[in-house]
Amino acid sequence: MKDVIDVMALQSSRRERRLPDYRSASGHSMATNFIFECGIKLGLQPATVATAAIFYHKFFKEADKNDYDCYVICTACLCAAGKSRDEPVRLRDAVNVAHNSINRGSGPLELGDEYWSMRGAVAQAELLVLRLLGFNLDSPSTHRYLLHYLRSLQEWFPASQWRTAPIARTAMAFLQDFHHSPAILDYRAPHIAVACLTLALHVLGVSVPLASTLDDDAAWYSVFTKDLQKEKNWEIMEKIMQVYSREPEPI
Amino acid sequence: MSGASASSTSQSPPSMASISDFSALFQTAKKYEELNVIGTGAYGTVYKARDLHNGGQIVAMKKVKVALTEDGIPLSTLREIALLRQLEAYRHPNIVRLLDVCHGGQSVERDHQLVLFLVFEHVEQDLESYLKRAPGPLSENRIRSMSYDILSGVDFLHSHRIVHRDLKPHNLLVTSAGRVKLADFGLAKTYDTEMKLTSVVVTLWYRPPEVLLGVSYNTAVDVWSCGCVLAQLHTRSPLLPGSSDSDQLHCIFRLIGRPPRHEWPDNVAIVADSFPEYPPRDLASVLPRAHPHALNMIKGMLVFDPAKRLTALDCLEHPYFTEEPLT
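For clarity, every value in this text was computed on a predicted model and none was experimentally measured.

**Things to note about the UniProt feature "binding site: ATP" (unreviewed entry) in chain B**
Under the feature "binding site: ATP" (unreviewed entry), the UniProt entry names Lys 62 of chain B. Of the residues examined, Lys 62 of chain B reaches a relative accessible area of 9% and is grouped as buried.

Structure, rendered in structure tokens:
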């Protein structure tokens, strides 16, 4: 029985190794990965995790990255985003998840000095984030725009074609991943949604039915948003693609 | 691990340690200079202050104390302030401007309290003092435009799912140009926790029957309060000056009549029969100088059953405002 490959163990060890090591990551290079990982572990909705990432980018647009502990601020952003979207996170859960993600394999924190100082830091950082954002916690609801566009487009596609190409999944994944980039702050929600959708169609090699009969084959999205020029759309798509050429995650 | 510096360099591992120099950020450049106390309301102190960054513009700063919970700032407070911020984007002419939100955070951890300063535009007087100072009765046009201002503000709040709950001349501000702006809304829950701690007498005169009876309520409460305020614009004295909860109900029923039994809400501790069978009074005898349209509209606002009351939007479309153009 020696030769049997333990597939499960291999897979899980591979998965383990794919997780980023925040301790050895330099500066803020893993900050958004940390937000996404903790957000998922805390069971938050994708749009709430995305809001946390937006808070993070906004925060460090104003503040100096060297002045604050990256992961304290990230955890605080998750807490603030949870509250602003009516999906509150227990502070204790947030602290434990953050601690466990940084110190992989360690158990939950004892209720000791380390726990209380971390908890205090996150609670303080949450107030700081709120203050720096000036309590403007309005999230741009890009996910809703994209969902609305996808639903409209679905009606327009032949059902068989829609089923074979994972357009919705791909576009949503692009949107979520785009939140790794601070460039997400530079564009309006409907424009980002259209760019994610266009990019997904290009990647999957799918074209919108009858779009080629239009004078301008990109004009199909003018029903969604009127003021998005072709160049601007490409610009956003390029920014989205740049997310994937960031430093590769350690494997 | 505690006590490590907040700056994380690329060499040192992320520490998640307490951040010591938060106070530095709280103190960055003094932005407002406190001048004097304007008033101490049920919800905290309001200061007059000078905005040092904006050419010494005079502002009103409302100090609100928020009790921090185990999970930091309470969700309701956070959402309400965020909502106020969101509303600000519309710059509605009949809503007082919210210019800034600051927090003074030095003693946050010690007493589990957060002191927030809401910075509003400063308006010289409120409707209460305006009516007191008026040399004589207000002109028909003045009353009509002020009524319209108040109702526009209320309709705006209602369309954003906000119930003011405490409309009264004291928190209606009158600008030097004679426009009315609503203040003191939106922090209902935040204020509620605070109200238990202060013993300031809250006026009952603008409270609708459903609130006095302790049954559920909705946006119609504000329409009732508006009705009382609009009547007061005509007479310059409160319409229903009750001295206690039950006296307030007596005042109301003396004016609009005791409601029929089938309209009396269920699950109320007080029975309809505990009030004498007051007949309704003619509003025209109470507000002798008012225009018939105004009387008709106010009558529609002071209806016992909240569901049968006019809405703020109904009022704005009432002939009182539409028949002749507003000046």
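After presenting the structure, the write-up continues.
**Here we look at the nonpolar core**
Counting 129 residues, the largest nonpolar core has Leu 127, Ile 150, Leu 151 and Leu 233 of chain B as the members making the most contacts within it. Considering each element in turn, this core owes the most residues, eleven residues, to helix H4 (residues 70-84) of chain A. Aside from chain neighbours lying at most four places away, what touches Leu 151 of chain B is Cys 226, Leu 230, Met 297, Met 301, Ala 312, Cys 315, Leu 316 and Phe 321 of chain B. Core analysis: the second largest hydrophobic core is formed by 36 residues, Tyr 187, Ala 195, Ile 236 and Met 237 of chain A among them.

**Describing the packing of helix H2 (residues 31-41) of chain A against helix H3 (residues 46-62) of chain A**
Residue and element names in this part refer to chain A. As a packed pair, H2 and H3 sit with axes 9 Å apart at the nearest point and diverge in direction by 150°. Compared by their axis directions, H2 and H3 come out roughly antiparallel. The two elements H2 and H3 cross, and the hand of that crossing is right-handed. Residue-level contacts link Ala 31, Thr 32, Ile 35, Phe 36 and Gly 39 of H2 to Val 49, Ala 52, Ala 53, Tyr 56 and His 57 of H3. Per-class residue counts for the contact of H2 with H3 are seven nonpolar, three polar and no charged.

**Comments concerning the environment of Ile 162 of chain B**
All names here are of chain B. Secondary-structure assignment places Ile 162 in the loop between helix H5 (140-159) and strand E7 (172-174). The exposure class assigned to Ile 162 is buried, which follows from its relative accessible area of 5%. Taking the C-alpha atoms as reference points, Ile 162 and Phe 185, separated by 23 residues in sequence, lie 8.0 Å from one another.

**So, H3 of chain A**
Between the first and last C-alpha of H3 of chain A there are 25 Å, a value that for 17 residues agrees with the 24 Å anticipated at 1.5 Å per step. By the criterion of burial, H3 of chain A is predominantly enclosed, with 13 of the 17 residues buried.

**Quick look at the confidence of the model for chain A**
Overall, the predicted model of chain A reaches an average pLDDT of 88, with 90% of residues at or above 70. Per-element confidence in chain A ranges from a low mean pLDDT of 61 for helix H1 (residues 7-18) of chain A to a high of 96 for helix H9 (residues 167-178) of chain A.

**Looking at the pattern of salt bridges**
Counting across every chain of the model gives 17 salt bridges over all chains. The partner of Arg 104 of chain A in a salt bridge is Glu 37 of chain A, with the nearest N and O atoms 2.9 Å apart. Residue Arg 104 of chain A is found in the loop between helix H5 (91-102) and helix H6 (113-132), and its partner Glu 37 of chain A is found in helix H2; the two are separated by 67 residues along the sequence. The partly exposed category is assigned to Arg 104 of chain A, whose relative accessible area is 28%. Here Asp 273 of chain B makes a salt bridge to Arg 261 of chain B, at a shortest N to O gap of 2.6 Å. One end of the pair, Asp 273 of chain B, is in the loop between helix H9 (245-256) and helix H10 (283-286); the other, Arg 261 of chain B, is in the loop between H9 and H10, and twelve residues separate them in sequence. Bridged by salt links that share partners, the residues Arg 258, Arg 261, Asp 273 and Glu 277 of chain B form one connected network.

**Quick look at H5 of chain A**
Residues and elements named next belong to chain A. For H5, which comprises twelve residues, the first-to-last C-alpha distance of 17 Å matches the rise-based estimate of 16 Å (1.5 Å per residue) to within 8%. The element H5 is largely enclosed, with a buried count of nine among its twelve residues. Buried residues along H5 sit in contact with H2, H4 and H6.

**A look at the confidence of the model for chain B**
Residue and element names in this part refer to chain B. Summarising the model, chain B shows a mean pLDDT of 82, and 82% of its residues fall at 70 or more. Predicted confidence for residues 1-29 stays below pLDDT 50, and this span has 58 contacts to residues more than four positions away or in other chains. Per-residue pLDDT stays below 50 along residues 189-201; that stretch engages in 19 contacts with residues further than four places along the chain or on separate chains.

**Brief notes about the pairing of strand E5 (residues 113-121) of chain B**
All names here are of chain B. With respect to burial, E5 is a largely interior element, eight of its nine residues being buried. Taken together, the nine bridges between strand E3 (residues 57-67) and E5 define a ladder with antiparallel strand orientation. The residue bridging Val 66 from the neighbouring strand is Leu 114, located in E5.

**Looking at unusual backbone geometry**
In this structure, Asp 86 of chain A takes a positive phi of about 60° despite not being glycine. Relative to the elements of secondary structure, Asp 86 of chain A occurs in the loop between H4 and H5.

**Things to note about the sheet that holds E7 of chain B**
Within a sheet, adjacent strands bond to each other through the backbone by hydrogen bonds, running parallel or antiparallel. Residues and elements named next belong to chain B. One open sheet accounts for three strands, arranged E6-E7-E8; its pairing is antiparallel. Where the open sheet ends on each side, the last strands, each with one partner, are strand E6 (125-126) and strand E8 (180-182). Bridging between E6 and E7 involves two bridges; their strand directions are antiparallel. Bridged to Asp 126 within E7 is Leu 173. Together, E7 and E8 form the strand contacts of H5, whose direction differs from that of E8 by roughly 25°.

**Side note on the side chain of Gln 176 of chain A**
Residue and element names in this part refer to chain A. Here Gln 176 shows up in helix H9. Accessibility expressed as a relative area gives 13% for Gln 176, which makes it buried. At 2.9 Å, the side chain of Gln 176 forms a polar contact with the backbone oxygen of Pro 46. The contact partners of Gln 176, leaving out residues within four places of it in the chain, are Phe 36, Pro 46, Val 49, Ala 50 and His 143.

About the thresholds
Residues numbered from 1 in each chain as written. Chains lettered and ligands numbered in written order. Predicted model: local features only at pLDDT ≥ 70, side-chain atom pairs only at ≥ 80, totals over all residues. Heavy atoms only, no water. UniProt positions renumbered as here; feature names shortened; annotations may be inferred. Buried < 20%, exposed > 50% of the residue type's maximum accessible area, 1.4 Å probe, protein only. Core = buried A, V, L, I, M, F, W, Y, C linked by side-chain atoms within 4.5 Å. Helix = DSSP H or I, 4+ residues; strand = E, 2+ residues; numbered from the N terminus. Contact = heavy atoms within 4.5 Å. Axes fitted to C-alpha atoms, helices over the stretch in contact; angles between N-to-C directions. Parallel < 35°, antiparallel > 145°, perpendicular 65-115°, else oblique. Left-handed = near helix turned anticlockwise from the far one by under 90°. Nonpolar A, V, L, I, M, F, W, Y, C, P; charged D, E, K, R; others polar. Expected span 1.5 Å × (residues − 1). pLDDT = per-residue confidence, 0-100. Salt bridge = Lys/Arg side-chain N within 4 Å of Asp/Glu carboxyl O. Pairing = 2+ DSSP bridges. Polar contact = N/O pair within 3.5 Å; in protein donor to acceptor, adjacent residues only side chain to side chain.

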